[in-house]
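The residues making up each chain are set out below.
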Amino acid sequence: MKSTWVAVALSRHVKRKPHQIWFNNTPVVLFRTGDGIQALTDRCPHRFAALSGGKVTAGAITCPYHGWAFSGQGHCTAIPGHLGDLPTVRVKSFAATEADGVIFIADGQPDDAPHTHPVAGNDIAIQHVTNACQSTLLDTAENILDPTHTHHVHKGLLRGLNDQRFEVQVEITGGPGWVQASYTGEDKQQGVVSKLLEGRRVKSLGRFRYPGIVELEYWGENGIRLCAVFHLRQSTPTQVDGIGLMVGPRQGGWGHVKGWLFKPFLHIGMHQDRQILKNAQENAERDPKAKPVIGPLDFLREDIARIIDGKLPKTNDVPMTYTMEL
């Protein structure tokens, strides 16, 4: 697969001090210089101390152990006390950029700008969140895109405030690096969030994009009312980290108000998901040979797994349609 931008932190979390994140099971230090955001492997090659414990001075990050300094490209620029030529020592660097209040890095140099959300370029309001859970990228992405668990894990919050269900038509389509489900027939989710913040719904979409972007779109008669985007990454073998963006029309400032009202409910929902994903992961680890059953309503799981593995989704060739109660 081509080099791809991955969201790793919020811009506001990286100011004067270095900031450590995990990327592909590797610690990475983020820091700012006059040239913008920089990203290096968080390990000084001298004695392996974490560079994130040091300081940024004169456009370089200094190791907290012996003060060795490294540029944003990873070149050694100073060794305190040394008077001769500097050794050709280098720390691995990563491409880094920022967009919509989010820091992205890549192993290599991607051809395109990072994808932030589906309505980029419009007059929008954005709220940011971060999250981490004990799980896998596949399980976490499927969980976000699975509407059937909301009646149980998020009962009363997203759905299940009453026993009413709707007959919903589902269309599954996909292509290189993406798969999505489109739901029509549910006017409004029967939960507190929809009752308070959402008007009449025309359709909703759930989409997965390579390498770990999950998008939820809620459409009214005049277009997207709300878009929730989660940039996920398998930071370690047992942890998934995420950057979330809640995006909607600005509406003369009303969009910001709705975003602030929605944010506490989102944190409750994320906590509920963390608990169930942790429980499922712990049970999976007790019996590594067991394989999860693919149920008739698990529309996206197999294609998400294929995309993560760099393969085409099955729906690339054969779109599918279903009818269900939701």
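The structure we're discussing is the one just above.
What counts and what doesn't
- Residues numbered from 1 in each chain as written.
- Predicted model: local features only at pLDDT ≥ 70, side-chain atom pairs only at ≥ 80, totals over all residues.
- Heavy atoms only, no water.
- Axes fitted to C-alpha atoms, helices over the stretch in contact; angles between N-to-C directions.
- Helix = DSSP H or I, 4+ residues; strand = E, 2+ residues; numbered from the N terminus.
- Parallel < 35°, antiparallel > 145°, perpendicular 65-115°, else oblique.
- Left-handed = near helix turned anticlockwise from the far one by under 90°.
- Contact = heavy atoms within 4.5 Å.
- Phe/Tyr/Trp six-rings, centres within 6.5 Å; stacked < 30°, edge-to-face > 60°.
- Buried < 20%, exposed > 50% of the residue type's maximum accessible area, 1.4 Å probe, protein only.
- Pairing = 2+ DSSP bridges.

Chemist: Give a detailed account of the packing of helix α1 (residues 137-145) against helix α4 (residues 301-308), specifying residues and quantitative values.
Modeler: The N-to-C vectors of α1 and α4 enclose an angle of 140 degrees; their axes lie 10 Å apart at closest approach. It follows that α1 is oblique to α4 by the angle criterion. In this structure, the crossing between α1 and α4 has a hand that is right-handed. Residues Leu137, Leu138, Asp139, Ala141, Glu142 and Leu145 of α1 lie in contact with α4, whose contacting residues are Arg301, Ile304, Ala305 and Ile308.

Chemist: I'd like to hear about the packing of aromatic side chains, residue by residue, with values.
Modeler: One pass over the full model with this rule turns up two aromatic pairs. Geometrically, the ring pair formed by phenylalanine 23 and phenylalanine 94 is edge-to-face, given 5.7 Å between the ring centres and 85 degrees between the ring planes. A residue pair is termed long-range when its members are at least 10 positions apart, and phenylalanine 23 in strand β2 (residues 19-23) and phenylalanine 94 in strand β9 (residues 93-99) qualify at 71 residues. Here phenylalanine 94 falls in the buried class, since its relative accessible area comes to 10%. Taking the centre distance of 4.5 Å and the plane angle of 35 degrees together, the rings of phenylalanine 299 and tyrosine 322 count as tilted. Placement of the pair is phenylalanine 299 in the loop between α3 (254-286) and α4 and tyrosine 322 in strand β18 (residues 320-325), with a sequence separation of 23 residues.

Chemist: Give a detailed account of the sheet that holds β2, specifying residues and quantitative values.
Modeler: An order of β1-β10-β9-β4-β3-β2 is seen for the six strands of this open sheet, with the pairing classed as antiparallel. Both edges of this open sheet fall to β1 (6-10) and β2, since each of them pairs with a single strand only. For this sheet, the mean inter-axis angle between neighbouring strands, taken without regard to orientation, is 35 degrees. Across two bridges, the pairing between strand β4 (residues 36-41) and β9 is antiparallel. Note on β9: the bridge partner recorded for alanine 39 is phenylalanine 94.

Chemist: Please provide a residue-by-residue account of unusual backbone geometry, values included.
Modeler: Looking along the chain, the bond that leaves tyrosine 210 and enters proline 211 is cis, with omega of 5 degrees. With a phi angle near 50 degrees, alanine 58 is a residue other than glycine that sits in the positive phi range. Tracing the backbone through its elements, the reader meets alanine 58 in the loop between β5 (55-57) and β6 (60-62). Although it is not a glycine, aspartate 100 adopts a positive phi angle of roughly 55 degrees. Following the sequence through the fold, aspartate 100 ends up in the loop between β9 and β10 (102-106). Take aspartate 100: its relative accessible area is 35%, and that puts it in the partly exposed class.

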